[in-house]
Amino acid sequence: MSTKIAIQGIPGSFHHQVALECFGDASSIKCYDVFEQVAKSVAEGSCDFGIMAIENSIAGAILPNYDLIDRHKLYIDGEHYLPISHNLMALPGTTLEDLTEVQSHPMALLQCHNFFEKYPTIKLTSEKDTASVAKKIRQNGLSAIGAIASKTAADIYGLDILAEDIQSFKENYTRFILLKSGKSTGVLPPSKASLKITIKNEKGGLAKLLTTLAEHDLDLSKIQSIPLMERPWDYAFFIDVLISDWMQYKNSLHQLETTGATVKILGEYINQKP
Ligand SMILES: O=C(O)C(=O)C[C@]1(C(=O)O)C=C[C@@H](O)C=C1
């Protein structure tokens with residue numbers, strides 16, 4: 001039986017591109033409307049892997065996805081960084097001046113904020129994913145609506161590109177994570193770990209946590225505080241560390257736990273940061 005990959009989005013979306021780059025087989029990709037369905041399909045076993053965008057170099061973290069990973073007890077098995085180029089597209093024959101509205105995924109809209117400051121009359125609307133807007137414009141012949149999406153989406157759905165590379169900074173990356181329902185038994189020693197660490201709310205608590213990581217030669221590559229919904233105004237820290245010495249890493253987790261922190265390992269995998 002072939003490996004089934006869950007994504008949010010349709011062919012031409014960035015998630016679809018990542019699924020092809022990581023697994024190479026379009027027929028194994030299952031397309032869902034929302035990230036919650038992706039998480040559920042992996043947790044319940046109808047898909048083997050889920051792919052989820054987690055942060056973008058311009059727009060920042062996708063906070064709800066941290067909650068989904070945690071709540072559905074998913075395991076981060078790997079990561080993939082994709083350079084993102086956004087393009088404004090519309091039905092052939094349409095000009096930028098004809099557009100009254102542009103629709104796209106909310107993260108894509110955020111990444112193109114500067115471009116649309118020059119076009120204040122264009123209404124910006126959030127949609128499920130970049131490619132599904134391109135598809136809708138083509139299917140329904142929507143001549144006053146534009147999409148922000150990849151060149152692949154423009155090709156698949158037969159739209160013309162009105163403006164290329166419209167993200168606010170040319171260099172634009174989204175980090176995607178590969179999710180499984182359980183830990184895999186890899187042979188390579190992982191070089192990165194994603195952890196959820198909850199500490200007591202006391203003076204210097206976060207400073208002590210960071211010192212413990214530094215003393216064990218761990219390089220912090222990301223820290224994100226997320227509210228604990230069950231304890232208003234308390235926070236958990238989602239932390240990514242780069243591991244150079246496996247024993248030091250294991251010792252750091254042990255030391256954190258002996259000082260009262262709760263550590264949940266969300267994933268241990270190979271660092272792919274370019
Ligand atoms: O809409 C898409 O094409 C997606 O794959 C979603 C998504 C995201 O979730 O951030 C992926 C990459 C880009 O950052 C913009 C949108």
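Further up the page is the structure itself.
All of the points below concern the structure found in this document. Keep in mind that this is a model prediction, so the values were computed, not measured.

**Some details on the overall build of the protein**
Summing up its helical and strand segments, the protein has nine helices and 15 strands in all. Over its C-alpha trace the protein gives a radius of gyration of 21 Å, about what one expects of a compact globule, namely 19 Å for 274 residues. The dimensions of the protein, computed from C-alpha atoms along their principal axes, are 65 × 45 × 35 Å. In the protein, which comprises 274 residues, the share counted as buried stands at 48%. Across the protein, the fraction of contacts at a sequence separation of at least 24, relative to all contacts at a separation of at least 6, is 73%. Looking at the protein, you have 26 positive and 32 negative side-chain charges, and the mean spots of the two groups are 5 Å apart.

**Some points on the packing of helix α2 (residues 35-43) against helix α3 (residues 63-71)**
One way to put it is that α2 packs onto α3 with a least axis distance of 10 Å and a crossing angle of 20°. Considering their axes alone, α2 and α3 lie roughly parallel with respect to each other. Considering how the two elements wind past one another, α2 and α3 form a crossing that is right-handed. Here Phe35, Glu36 and Ala39 of α2 lie close against α3, whose contacting residues are Asn65, Leu68 and Arg71. Class assignment of the residues belonging to the contact of α2 with α3 gives a composition of three nonpolar, one polar and two charged.

**Description of the nonpolar core**
By size, the foremost hydrophobic cluster in this structure holds 19 residues, and its most contacted members are Met52, Ile69, Leu74, Ile76, Ile177 and Leu179. Mapped onto this core, the elements with two or more residues apiece are α2, β3 (49-56), α3, β11 (173-180) and β15 (262-269). Of the residues forming this core, the biggest block, four residues, is contributed by α2. Per-domain counts for this core show at least three residues from each of domain 1 (5-83 + 172-180) and domain 3 (192-269). For Leu74, the residues in contact, after removing those within four places along its chain, are Ala39, Val42, Ala43, Leu68, Ile69, Leu179, Lys180, Ser181 and Leu266. Among the nonpolar cores identified, the runner-up in size contains 16 residues, and Leu218, Leu253, Ala261 and Val263 belong to it.

**Description of the environment of His105**
On the secondary structure map, His105 appears in the loop between β7 (101-104) and α4 (106-111). A relative accessible area of 14% means that His105 is categorised as buried. In this structure the C-alpha to C-alpha distance between His105 and Ser143, which are 38 residues apart in sequence, comes to 19 Å. What His105 contacts, discounting residues up to four positions off in sequence, is Gln8, Phe35, Glu127, Lys128, Asp129 and Thr130.

Rules behind the numbers
- Within every chain, residues take consecutive numbers counted from 1 along the sequence as written.
- With pLDDT at 70 or above as the cut-off, local features in this predicted model cover only qualifying residues; side-chain atom pairs require 80 or more to be listed or tallied, and sums for whole chains, interfaces and linings still use all residues.
- Just so you know, side-chain values use all the structure's heavy atoms and leave hydrogens and water out.
- A run of H or I in DSSP counts as a helix once it spans at least four residues, and a run of E counts as a strand once it spans at least two, with each numbered from the N terminus.
- We compute the radius of gyration from the C-alpha atoms alone; for a globule the expected value is 2.2 Å times N to the 0.38, where N is the number of residues.
- Accessibility here uses a 1.4 Å probe with only protein chains present; expressed as a share of the type maximum, an area under 20% marks a residue as buried, one over 50% as exposed, and anything in between as partly exposed.
- Contacts are assigned to residue pairs that have any heavy atoms within 4.5 Å of one another.
- For the purpose of charge, His is not counted, nor are the chain termini; Lys and Arg are scored as positive and Asp and Glu as negative.
- Charged side chains are reduced to one point each, which is NZ for Lys, CZ for Arg, CG for Asp and CD for Glu.
- A fitted line through C-alpha atoms serves as each axis, taken over the contacting stretch for helices, and the angle formed by two N-to-C directions is quoted from 0 to 180°.
- Angle categories are assigned with fixed cut-offs, so that under 35 degrees is roughly parallel, over 145 is roughly antiparallel, 65 to 115 is roughly perpendicular, and the rest are oblique.
- Should the near helix be turned anticlockwise from the far one by less than a right angle, the crossing is left-handed, and should it be turned clockwise, the crossing is right-handed.
- Note on residue categories: nonpolar means Ala, Val, Leu, Ile, Met, Phe, Trp, Tyr, Cys or Pro, charged means Asp, Glu, Lys or Arg, and polar means any other residue, Gly included.
- Among the buried residues, those of types Ala, Val, Leu, Ile, Met, Phe, Trp, Tyr and Cys that are joined through side-chain atoms within 4.5 Å form a nonpolar core.
- Start and end positions for the domains come from either an automated domain assignment or a database one.

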